[in-house]
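Observations on the three-dimensional arrangement
Each chain, letter by letter, is given below.
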Amino acid sequence: MNCTACTAPLDAPAQLCDGCAHGLDARLSELPAQYLLLATHLRPGAGRSDGPVALVREAPLPVRADVLDMRAAGGMVTTLESWRDAMQEARGWGRPARTGSVERRVLAAARGLKMNLDWIAAEFPGAGDMAREIRHLAGQVRALLDPAPPTLGVGTCAADLGQGDICDAPLRVPAGSATVRCRRCGTEYPPSSWLTLATGAWAPAGAAA
Ligand SMILES: [Zn+2]
Ligand SMILES: [Zn+2]
C-alpha cells in the first residue's frame, strides 16, 4: 500500500504517510493566520520600504487581484470548506454550517479538518487529493505573501534627446520584468544592455567618435 498523496510505500494500511499527514497538519494550522495576513498585501508595494516605490506613487496603487481572489469566495475558504464537506459526508455526518465572516469560515473549516486529521490520514478516501490540493493552496498563499523582490538599479538612461542632450534619468529593472523602460523618455533597454548601462559604458548608436 502506498501514500495516496506522495505514493511513498506505507508500513500499515492508511491513506497518508506520516510526512504528508504532518505537512497537512502544519498547513491547516498556518492557513487561517495567512488568510489574515493577506489583507496587508492587497496593494502592490505594501510592506516594501525600498526607494523606487516612491517614484510610482503618483497615482493610487491598484488592488492586487490575485490577493483579492484568494481572500474572496472561491479562494482559500472554498477549498477548505469543500474538503471539510467531503470529509463530513464520508464520515456520515451532516454538512457543517457556514456562518460569519470569511475569516471565521476559513478558521472553522481548517479547524474542522485538523480535528479529524487522524481519521483523514487513516481512512478518508479523498486524503491524497486533499493533501495535494492544500499543499498547492499553501504554496500559492506563500507566493502571494512573499515580498516582491527589490528593483535593481542599472544606471542612467543614455538616450540622446536631441543635440547631445542625454536623458540621464535613473533606470531600474521592475520586479518580475525583463524590460527596462525609462520613466522620463520612454526608451526601452533589453536585458542584454543592462550590464553596459550599469557600468556607465553605454554608447548610443551613432554617438561614437
Ligand atoms: Zn505521503
Ligand atoms: Zn530616458
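Treat the numbers as computed from the prediction; the structure is a model and nothing was measured.

For the zinc ion (ligand 1), the protein coordination sphere consists of Cys3 (SG), Cys6 (SG), Cys17 (SG) and Cys20 (SG), at 2.3 Å. If you list the donors of the zinc ion (ligand 1) from N- to C-terminus, the spacing comes out as C-x2-C-x10-C-x2-C. Highlighted residues: Cys3 in the segment before helix 1 (18–38) and Cys17 in the segment before helix 1, separated in sequence by 14 residues.

Moving on: the pattern of salt bridges. Inspection of every chain in the model, using the stated rule, returns nine salt bridges. A salt bridge links Asp66 to Arg64; its shortest N-O distance comes to 3.4 Å. Among the residues examined, Asp66 registers a relative accessible area of 41% and is labelled partly exposed. Each of Glu81, Asp85, Arg95, Arg98 and Arg105 takes part in one network of salt bridges that share partners.

Here Val67 shows up in helix 3 (residues 65–71). Beyond its immediate sequence surroundings of up to four residues, Val67 is in contact with Leu38, His41, Leu42 and Leu144.

Further remarks concern the coordination of the zinc ion (ligand 2). Listed as protein donors to the zinc ion (ligand 2) are Cys157 (SG), Cys167 (SG), Cys182 (SG) and Cys185 (SG); their distances from the metal cover 2.3 Å. Around the zinc ion (ligand 2), the four donor atoms sit at angles spanning 106 to 118°, and that spread fits a shape best called tetrahedral. We note that the donor set of the zinc ion (ligand 2) lies within a single chain, spaced as C-x9-C-x14-C-x2-C. Taken together, the positions of Cys167 in the loop between strand 1 (152–156) and strand 2 (170–173) and Cys182 in the loop between strand 3 (180–181) and strand 4 (188–189) put the pair 15 residues apart, joining distant regions of the chain.

In this section: helix 5 (residues 102–115). Its 14 residues give helix 5 an end-to-end C-alpha distance of 20 Å, which sits within 8% of 20 Å, the value for a rise of 1.5 Å per residue. If you check which residues of helix 5 are buried, you get Val106, Ala109, Ala110, Gly112 and Leu113. All buried residues of helix 5 lie within an arc of 160° about the axis, which places them on one face of the element. Relative to its buried face, helix 5 has exposed residues pointing more than 90 degrees away, namely Arg104 and Met115. Those residues of helix 5 that are buried are in contact with helix 1, helix 4 (76–90), helix 6 (117–123) and helix 7 (127–145).

What counts as what
- Residues numbered from 1 in each chain as written.
- Chains lettered and ligands numbered in written order.
- Predicted model: local features only at pLDDT ≥ 70, side-chain atom pairs only at ≥ 80, totals over all residues.
- Heavy atoms only, no water.
- Donors = N, O, S within 2.8 Å, 3.2 Å for Na, K, Ca; no water.
- Helix = DSSP H or I, 4+ residues; strand = E, 2+ residues; numbered from the N terminus.
- Salt bridge = Lys/Arg side-chain N within 4 Å of Asp/Glu carboxyl O.
- Buried < 20%, exposed > 50% of the residue type's maximum accessible area, 1.4 Å probe, protein only.
- Contact = heavy atoms within 4.5 Å.
- Tetrahedral: all angles 85-135°; square planar, octahedral: opposite > 155°, others 65-115°.
- Expected span 1.5 Å × (residues − 1).
- Arc of directions from axis to C-beta.

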